[in-house]
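# Coordinates in review
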Amino acid sequence: MADQKLVLDAKGVYYRQLNERIRDAVNGGVREIELNNVNGQRYIFTGLKGELSLKINGVPGQDMAAFMNGPSIRVEGNAQDGVANTMDDGKVVVNGIAGDVLGYGMRGGRLYIRGDVGYRVGIHMKAYKEKSPVIVIGGKAGDFLGEYMAGGSIILLGLFSDKPYAPICGRSLGTGMHGGVIYVRGPVPDTQLGPHLTSEPVDETDKARIREMVTDFALELGLDVQHILAESFFKVKPFSHRPYGNMYVPC
């Protein structure tokens, strides 16, 4: 079985049994797995390490790729809440929409969502040693995007959305943010910004970073990178690394 591709039918399989089958296959040397008929099973690929590849046909449940370190996951469909929770490294590509609290506490790796995402995406993200996590959102985001963000990068494109009349992001963008950066395609409404944050046009260094991340995103999802980059981007960042310091100890 070593190094062979394994295809599993997840229809009607309880999440614990499905994850046991996946772990048994990985322990047996399988490095590529395809899951069909996934319908809300939780914790898929949670905590797995190494150069593993997983394709999911269907809708995975909560906390997919949580604590993952290295593997790559591609979802041909939507995803539920908690994708990439505290992910250490690897790549997750969702060719659809996704739910709330994606990338909570991410320390590394990349999370790409083609469409819209829910609330509190990218909260508590942090850079860890040489690692710096990246989230690219092709659609729009709900409230509290990047809340308490301490490191890494979020790119919000607002292009591939099911909500044409909604603002590109919800309320309180970056509330409590004290590190990292959020890039937004097009201007950011001041009414959407959290306190102690500023929005400004990107510089040449930012443009190079955005191009690298967006190019990879577009290649993964078969999108036109030039169209994505044709619009100006703006950078959201905190005024200081201690935006709420004076609430506790005067600076």
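Anything mentioned here points back to the structure above.
Summarised in this report is the structure supplied together with it. Since this is a predicted model, take the numbers as computed values, not measurements.

## Some remarks on the nonpolar core
- Within the largest apolar cluster, 53 residues are counted, with the highest numbers of intra-cluster contacts made by Ile 22, Leu 35, Ile 44, Phe 45, Ile 73 and Val 92.
- When residues of this core are assigned to their parent elements, the largest contribution, four residues, is made by helix H1 (residues 15-27).
- Excluding residues within four positions of it along the chain, Phe 45 makes contact with Asn 19, Ile 22, Ile 33, Leu 52, Leu 54, Ala 65, Ala 66, Met 68, Pro 71 and Ile 73.
- In this structure, Val 202, Val 225, Ile 228 and Leu 229 belong to the second largest nonpolar core, which totals 20 residues.

## Structural notes on the packing of aromatic side chains
- All chains considered together, the criterion is met by three aromatic pairs.
- Relative to Phe 217, the ring of Tyr 112 has its centre 5.5 Å away and its plane inclined at 85°; by these criteria the two rings are edge-to-face. Of the two residues, Tyr 112 is situated in strand E6 (residues 110-113) and Phe 217 in helix H2 (residues 204-221); the sequence distance between them amounts to 105 residues.
- Taken together, Tyr 14, Tyr 15 and Tyr 43 form an aromatic cluster joined through their ring pairs.
- Taking NZ or CZ as reference, Arg 42 lies 4.2 Å from the ring centre of Tyr 15, over its face.
- Lying over the aromatic face of Tyr 128, Arg 107 brings its terminal NZ or CZ to 4.7 Å of the ring centre.

Rules of the game
- Residues numbered from 1 in each chain as written.
- Predicted model: local features only at pLDDT ≥ 70, side-chain atom pairs only at ≥ 80, totals over all residues.
- Heavy atoms only, no water.
- Core = buried A, V, L, I, M, F, W, Y, C linked by side-chain atoms within 4.5 Å.
- Buried < 20%, exposed > 50% of the residue type's maximum accessible area, 1.4 Å probe, protein only.
- Helix = DSSP H or I, 4+ residues; strand = E, 2+ residues; numbered from the N terminus.
- Contact = heavy atoms within 4.5 Å.
- Phe/Tyr/Trp six-rings, centres within 6.5 Å; stacked < 30°, edge-to-face > 60°.
- Lys NZ or Arg CZ within 6 Å of the ring centre and 35° of its normal.

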